[in-house]
Every structure is written in structure tokens, then in C-alpha cells.
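Below, each chain spelled out in residue letters.
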Amino acid sequence: MAVALHALFIFISFISLACGRHTIAATNPRRFATKLIHRNSPLSPFYKHNASSYYKDANGDVVLKNSLSRYAYLSAKQRNPYSSNKIRTTQFPDGNVFLAKLSIGTPPFDVYAVMDTGSDVFWIQCKPCEDCYSQIDPIYDRTKSSTYVPFSCNSSTCSFLPEARRDCDRDNKCLYHLQYDDGDTSSGYLASEVLTFNSSGSISKIPDVAFGCGVRNTHKIHDHEAGILSLSDGDLSLVNQLAGPEKRKFSYCFGNLTDPTTEGNLIIGEGSYIAGDETPLERDYFFYLTLIDISVGDKRLQIPPIYFERKPSRVGGVIIDSGTTLTYLSSGAYLPLEAGLKEQLEIFQRKLVQDPTFDRRTCFEGRIGRDLAGFPLVTFHFQGDADLVLEKWSQFQQVSEEVFCLAFYMSPDELNVIGNMAQQSYNFGFDLVNNVLTFEDIDCSII
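Residues numbered from 1 in each chain as written. Predicted model: local features only at pLDDT ≥ 70, side-chain atom pairs only at ≥ 80, totals over all residues. Heavy atoms only, no water.

*Asks:* Hey, could you run me through the state of the cysteines in this one?
*Replies:* Should the sulfur atoms of two cysteines be covalently bonded, the bond is a disulfide. Summed over the entire model, instances satisfying the criterion amount to six disulfides. Paired by a disulfide, C129 and C132 hold their sulfur atoms 2.1 Å apart. In this structure, the disulfide formed by C129 and C132 twists by about -85° around the S-S bond and is classed as left-handed. In this structure C132 comes out as partly exposed when scored by relative accessible area, which is 21%. A disulfide bridge connects C158 with C174, and the sulfur atoms are separated by 2.1 Å. (Disulfide = S-S within 2.5 Å. Buried < 20%, exposed > 50% of the residue type's maximum accessible area, 1.4 Å probe, protein only.)

The following block contains the structure:
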């Protein structure tokens, strides 16, 4: 919940789906695909006609503060992934985000949720509320759905929640508790419902999807978004519920985050786009990668591997996260990269200036599109000769009309995070059966 830099949202138009019971109850493989639509796109229901708000909404002071809080969550969760009830932080900002629309219940009720590879529980706000935050859009009412069924405390599904995050009420109904690092919370009933997806008039339904029905929620940013669409490797993640144990794959493609008209997609299960460069994927609550080195232009920075490795204490390492906007690098990796970019920016006659939104970012005078034509590429070299190549829009963020800043930030500790700005214009395929990640620079609209 609160504070994560540009947590990626998705506005979901489901393209295809094969239905069946979720994997907790059955093992039939299934597949669905969604369109990802930028919040500022004219196709978005929240489209803002005032284009002058772009820099303020997308790139202002909130951006870095949100990103730092998201990083704090990732770092804390890495140290204690399962026993702590503090599970994540994120925020629902205006700007470079994607919105997720899905329908739940019978009759179907539309809600908007956050796509998050770092969350293991799919939850939304539910009425009757005991204490809900002020959501602008109507809140799903479980008493008006004929397919809402709460899980009992002795159900196997309830046991998928860690002990610190589950409880029982006086009627033996399973309760979940999520507490976020910034103090925001969500708690309520673990239940099952029908999800309905409508694409071009074709309606598909999935029965018995486990979700958190939040009746006590606090959220500092009151907006349209109703909850979290979880894509982690947890038992209650939608990936495991929808894809089936032998088809645990998903892929997403964001498109260009600087273009409000861009469209992307999300595919879960059979038909996920698993193609391109391939690198090993380690699953330990988060998705870990093996980063070998970084290049600026043709120059390898020769960063010692120790700055990318997980320690015996299991801290550090490199994760890929859909809910973080900036890319975080430990000091031993960030400082050489910053020096290499500064050297190139001097050649492009860009003047170092104070960050107008936060005094700890490295910023320069100018406009990315106008002043950085032909700027060298930055390449992240992963195990397996897999190269993630970042062009200028993935290296820098325009924070005002005439100031841009690095889209990289020095980690407060040893954890490295590949954020969504570095992921734009690529399709990422997560094969959780074979433990590999693929990525390919591609036009998302052709997938």
C-alpha cells in the first residue's frame, strides 16, 4: 500500500481465458491475457485532460519518496519473508502507472487493483466495512454476491497464510492480517469468489478464486484503487491459482512508460510469452537474478561480483520487481555507473543541477528527448549471456520541464532492485516451472 514509486497498475481487458477451479482446489491448467493501459491514456477511465499535470503527477517529489518506501519494504521483507506480518509497502500515485480492472462476485462487480510481483495475497476492500478507507469508486459488497464463500479456519487454504498473518473469528472463519511498513493495513476474511473477465463481449468466469476480503483497511492515499493483484510465487498468488502447477508461467510487457498512449499486456499460464534472452531465476519469495556486470556504452564497469551476490545471511542480491520505478544498486555498483553516466553527460554538455524534488538525486539541466539524441546505451549483463539494454528513456527520468535525473538510485543497504523504468519496452517471461526469466525488446502490441 502506501508509498512505492509508481507501483504499476493494470487496467485489465481480458483477451483470452480457459476456466476452471483455482490450483488450491484443482490442477487444470488455464491461461488468460490482459491489456495494460497507461492511466493517462485516453482509453483509461481516469484520463486527465490537463496535460500540464504530467510532470507533477509522474515525476515529482512523491516519486522518490514512494520508491524509497517500496525499497524499505523489499529490504525488510527479504530479511524476514514469512514470519513477519509486515509484508509490503506501495502507493497508488497519479502518473506513469497502469490500472487493473477486474470483476468479482455474482453479479460481477468491477474493481481496480495493483499488479504486484512482490505480493502474495490477492485482496480487495469489502463491504460491509468495519473500517475502510475512503475509496472513490463503489466498494464490492460481499453480502450482495451469491458466490462469496468464506474459508473456515481448519481449511487447507487458510493454512497457506503464515501463522503471524492469520486468525479465527468466533464463527471459525479464517481471517488474514496484513500490516505495511508505513502503518497502512488490510485485514478481513479469506474467502473464495468468482472472477469475471470481459473481452470484446466474450465473458469468461473463474470460480473459487481465493482472495482477501478486506473489511478493516487503512490507506493514506484515497483513490479509485481497491486492492492488490498478486503475482508472486506464494500459494495464494493469482499465478498459482490460475495457471495450474504444471503451467506456472506468466509474462508482462509494459511498453513505453513515457508515452501515455502506450499499451502493454499480462499473460498468465499457457501461452505466456517466454522468449528472448534467458537467465536463471531463483524464487525465494521474490524473484532473484544473477547480475554479472554493467556497461556504459562499450565500456564494462568491472563491478566486483560481491556487490550483486546474496550473502550467507540471505540479504543482498538482485531482484526484479514490478512495483518499484527506479533501479536500486548497492554503492559498489551505483557509484561506478553514476561516474560513467556523468562522464558521458559532460560530452553532451549537460550541466549538473540540484534535484528540484529531492536533494539526493543526481540531476542535469535539459530534456531527455531534445538533448540526449544518440546517448550511449547502458547494458545490464546477466548470467547466461542475457543482456538487458537500456536506452535513454530507461536511464533518466524527466522531473520537470528542463531537469532530468538518473533513473538509478544508491541502495540504502545491499539489496539491488531492477525497477520498472528499466523494464519498459521489454517483455518479461517468468517460467516458474523451469526457473528461468526471459526478456525481449519488443512491441508489446504484437504479443
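*Asks:* I keep staring at the packing of aromatic side chains and nothing clicks. Help me out?
*Replies:* Aromatic ring pairs are reported here in terms of the distance separating the ring centres and the angle at which the planes meet. Scanning the entire structure with this criterion turns up 22 aromatic pairs. Relative to F428, the ring of Y252 has its centre 6.1 Å away and its plane inclined at 40°; by these criteria the two rings are tilted. Pair noted here: Y252 is in strand β13 (residues 249-253) and F428 is in strand β30 (residues 426-431), with a separation of 176 residues, a long-range link. Ring centres of Y426 and F428 lie 6.1 Å apart, and the angle between their planes is 45°; on these two criteria the pair is classed as tilted. (Phe/Tyr/Trp six-rings, centres within 6.5 Å; stacked < 30°, edge-to-face > 60°. Helix = DSSP H or I, 4+ residues; strand = E, 2+ residues; numbered from the N terminus.)

*Asks:* Whenever I open this one, the sheet that holds strand β25 (residues 386-390) confuses me. Can you help?
*Replies:* Backbone-to-backbone hydrogen bonds pair the strands of a sheet. The strands run either parallel or antiparallel. On the basis of which strands lie adjacent, the open sheet formed by four strands has the order β19-β18-β24-β25 and antiparallel pairing. The outermost strands of the open sheet, each flanked by one partner alone, are β19 (299-300) and β25. One ladder, built from five bridges, connects strand β24 (residues 378-382) with β25; its direction is antiparallel. Looking across to β25, one finds that F382 is bridged to A386. The strands touched by helix α4 (residues 331-347) within the sheet are β18 (291-296), β19 and β24, with β18 carrying the most contacts at an inclination of about 15°. (Pairing = 2+ DSSP bridges. Contact = heavy atoms within 4.5 Å. Axes fitted to C-alpha atoms, helices over the stretch in contact; angles between N-to-C directions.)

*Asks:* Hey, could you run me through α4 in this one?
*Replies:* In an α-helix, one turn spans 3.6 residues; hence positions three or four apart end up facing the same way. Between its first and last C-alpha, α4 extends 24 Å over 17 residues, near the 24 Å set by a 1.5 Å rise per residue. What α4 keeps buried is the set G332, A333, Y334, L337, E338, G340, L341, Q344 and L345. (Expected span 1.5 Å × (residues − 1).)

*Asks:* Looking at this model, I keep getting lost on the UniProt feature "active site" (unreviewed entry) in the protein chain. Mind explaining?
*Replies:* Per the UniProt annotation, the sites labelled "active site" (unreviewed entry) are D116 and D321. Taken together, the annotated residues stretch across 206 residues yet fold into one region, lying no more than 7.8 Å apart by C-alpha. Judged by relative accessible area, D116 falls into the buried class, the value being 0%. Mapping D321 onto the fold places it in the loop between β20 (318-320) and β21 (327-329). Judged by relative accessible area, which is 1%, D321 ranks as buried. A distance of 2.6 Å separates polar atoms of two side chains, one belonging to D321 and the other to T324. (UniProt positions renumbered as here; feature names shortened; annotations may be inferred. Polar contact = N/O pair within 3.5 Å; in protein donor to acceptor, adjacent residues only side chain to side chain.)

*Asks:* Looking at this structure, how should I read the sheet that holds strand β23 (residues 363-365)?
*Replies:* Overall, antiparallel pairing links the four strands, which are arranged β22-β23-β27-β26 in an open sheet. With one partner strand each, in any of the chains shown, β22 (352-353) and β26 (396-400) form the two edges of the open sheet. α4 contacts β23, β26 and β27 (403-406) of the sheet and is inclined by roughly 145° relative to β27.

*Asks:* How should the nonpolar core be read in this particular structure?
*Replies:* A general feature of soluble globular proteins is that nonpolar side chains tend to end up buried together. With 86 residues, the main nonpolar core has F211, F250, I294, F380 and F430 as its most contacted residues. Grouped together as the second largest cluster of nonpolar side chains are 14 residues, V121, W123, L161 and L190 included. (Core = buried A, V, L, I, M, F, W, Y, C linked by side-chain atoms within 4.5 Å.)

*Asks:* Any chance you could explain the pairing of strand β5 (residues 123-127) here in plain terms?
*Replies:* It is a general feature of regular strands that their side chains alternate between the two faces of the sheet. Of all five residues in β5, four are buried; the element is thus mostly enclosed. Pairing of β5 with strand β12 (residues 227-230), which is carried by two bridges, proceeds in the antiparallel orientation. Residue pairing for β12: I124 is matched across the bridge by G227. Looking at chain direction, β5 and strand β6 (residues 140-141) are connected through two bridges and run parallel. If you follow K127 over to β6, its bridge partner there is D141.

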